[in-house]
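Residue-level listing of the chains:
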Amino acid sequence: MPAENSPVTVVYDNVSLREELEPGWGFSCLLDLPQGCVLFDTGAEPEGLLRNLARMGFDPRRIRHVVLSHAHEDHCGGLGGVLAVNSRLSVYVPASFPPRFADLVESRGARCELVDKERALLPGVHTTGEIGGGIPEQALVVETERGLVVVTGCAHPGIVEVVTRAVDRFRDRVRLLLGGFHLVHHEPSVIREIAERLEALGVDRIAPCHCTGDRAREIMEAHFGERCARCGAGLELTV
């Protein structure tokens with residue numbers, strides 16, 4: 001399992017929490033773990049992603065694994081920037097990605113693996129495998145001594161469904177749920193019900209961002225209180 005205090009850092013999001021970091025539509029999260037450095041999603045814009053990493057003092061050549069949640073540009077558009085400076089990595093994408101995407105990644109010198117089912121990428125670090133049928137998506141699960149860390153891109157299959165998959169598979173509570181919850185078009189009553197269901201599933205802390213929506217974030221903050229972190233580029237949490 002990861003050592004305590006391993007950092008989880010949002011490097012790309014619609015909003016920035018630090019003046020020197022650029023906001024941009026999309027999401028990217030860096031997990032700097034003892035087992036290896038994992039970048040989950042890459043935002044929409046390569047140059048912006050690389051500038052944010054540089055301003056955080058992080059060398060992208062340290063990245064060994066890139067996990068893409070789904071095939072939308074705001075989550076995989078920045079990959080080319082990473083590959084331009086570091087092709088010695090493995091890229092994990094849902095099996096439903098267009099075949100040409102894997103060909104393009106491997107033409108840059110990296111390894112691309114298609115993921116359909118849950119699998120371990122590193123000790124204690126897993127992909128959920130594809131979830132949902134409309135817009136298939138994978139999430140990242142990190143096992144820690146205090147519970148699971150679940151990172152999601154947009155949660156198109158439903159944020160409750162993503163958490164349920166993680167809890168059922170690993171039989172542990174969710175210490176931290178971070179990423180896009182895809183609630184921007186949901187009615188307040190539905191959002192409140194989702195917050196209650198997340199609580200019932202044992203979710204302790206949340207950090208909703210990207211496609212969650214302002215109204216949904218306000219409702220989540222009202223429900224989880226101090227256990228709901230304000231999220232954006234520059235947010236640093238520990239696992």
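Below: a short report on this structure. (Residues numbered from 1 in each chain as written. Predicted model: local features only at pLDDT ≥ 70, side-chain atom pairs only at ≥ 80, totals over all residues. Heavy atoms only, no water.)

1. A few points about the packing of helix H5 (residues 159-170) against helix H6 (residues 188-200)
- Axis separation between H5 and H6 bottoms out at 10 Å; the angle between their running directions is 5 degrees. One finds that H5 runs roughly parallel with respect to H6. Residues Ile159, Val160 and Val163 of H5 pack against Ile194, Arg197 and Leu198 of H6.
- In terms of residue class, the contact of H5 with H6 is built from five nonpolar, no polar and one charged. (Axes fitted to C-alpha atoms, helices over the stretch in contact; angles between N-to-C directions. Helix = DSSP H or I, 4+ residues; strand = E, 2+ residues; numbered from the N terminus. Parallel < 35°, antiparallel > 145°, perpendicular 65-115°, else oblique. Contact = heavy atoms within 4.5 Å. Nonpolar A, V, L, I, M, F, W, Y, C, P; charged D, E, K, R; others polar.)

2. Focus: the nonpolar core
- If you look at the biggest cluster of nonpolar residues, it comprises 28 residues, and the most contacted ones within it are Leu177, Leu198 and Met220.
- Elements with a minimum of two residues in this core: strand S10 (147-152), H5, strand S11 (174-180), H6 and helix H7 (214-224).
- With seven residues, H5 is the largest single contributor of residues to this core.
- Contact partners of Met220, with chain neighbours within four places excluded, come to Phe181, Leu183, Ile191, Ile194, Ala195, Leu198, Ile206, Gly225 and Cys228.
- One finds Val38, Phe40, Leu121 and Cys209 within the second-largest nonpolar core, a separate group that totals 26 residues. (Core = buried A, V, L, I, M, F, W, Y, C linked by side-chain atoms within 4.5 Å. Buried < 20%, exposed > 50% of the residue type's maximum accessible area, 1.4 Å probe, protein only.)

3. A closer look at the environment of Thr212
- Among the secondary structure elements, Thr212 is positioned in the loop between strand S12 (205-209) and H7.
- Judged by its relative accessible area of 0%, Thr212 is buried.
- A C-alpha to C-alpha distance of 32 Å links Thr212 and Ala110, two positions 102 residues apart in sequence.
- Those residues in contact with Thr212, other than ones at most four positions away along the chain, are Gly179, Gly180, Phe181, His182, Leu183, Val184 and Arg217.

4. So, the sheet that holds S11
- Pairing in this open sheet of six strands is mixed, and the strands run S7-S8-S9-S10-S11-S12 from one edge to the other. Unpaired on one side and paired on the other, strand S7 (117-122) and S12 mark the two borders of the sheet. On average, each strand axis in the sheet is tilted by 15 degrees relative to the strand beside it, whichever way the strands run.
- Pairing between S7 and strand S8 (residues 125-129): four bridges, direction antiparallel. Paired with Lys117 across the strands is Gly129, a residue of S8.
- Lying over the sheet, H5 contacts S7, S8, strand S9 (140-144), S10 and S11, oriented at roughly 145 degrees with respect to S10. (Pairing = 2+ DSSP bridges.)

5. What about the state of the cysteines?
- Evaluated as defined, the whole model comprises zero disulfides.
- Lacking any disulfide linkage, Cys76 is separated from the closest cysteine sulfur, that of Cys112, by 11 Å.
- Since its relative accessible area comes to 8%, Cys76 is described here as buried. (Disulfide = S-S within 2.5 Å.)

6. Some thoughts on the sheet that holds strand S1 (residues 7-12)
- As summarised here, the arrangement of the seven strands in space is S6-S5-S4-S3-S2-S1-S13, forming an open sheet in which the pairing is mixed. Where the open sheet ends on each side, the last strands, each with one partner, are strand S6 (111-115) and strand S13 (236-238). Strand-to-strand, the axes of this sheet are offset by a mean angle of 20 degrees, without reference to chain direction.
- Direction of pairing for strand S4 (residues 63-67) relative to strand S5 (residues 90-94): parallel, over a ladder of three bridges. Along S5, the bridge assignment pairs Val66 with Val91.
- The sheet strands contacting helix H1 (residues 46-55) are S1, strand S2 (28-33) and strand S3 (36-40), and the helix crosses S1 at an angle near 140 degrees.
- The strands that helix H4 (residues 99-107) touches are S5 and S6; relative to S6, the one it contacts most, it runs at about 155 degrees.

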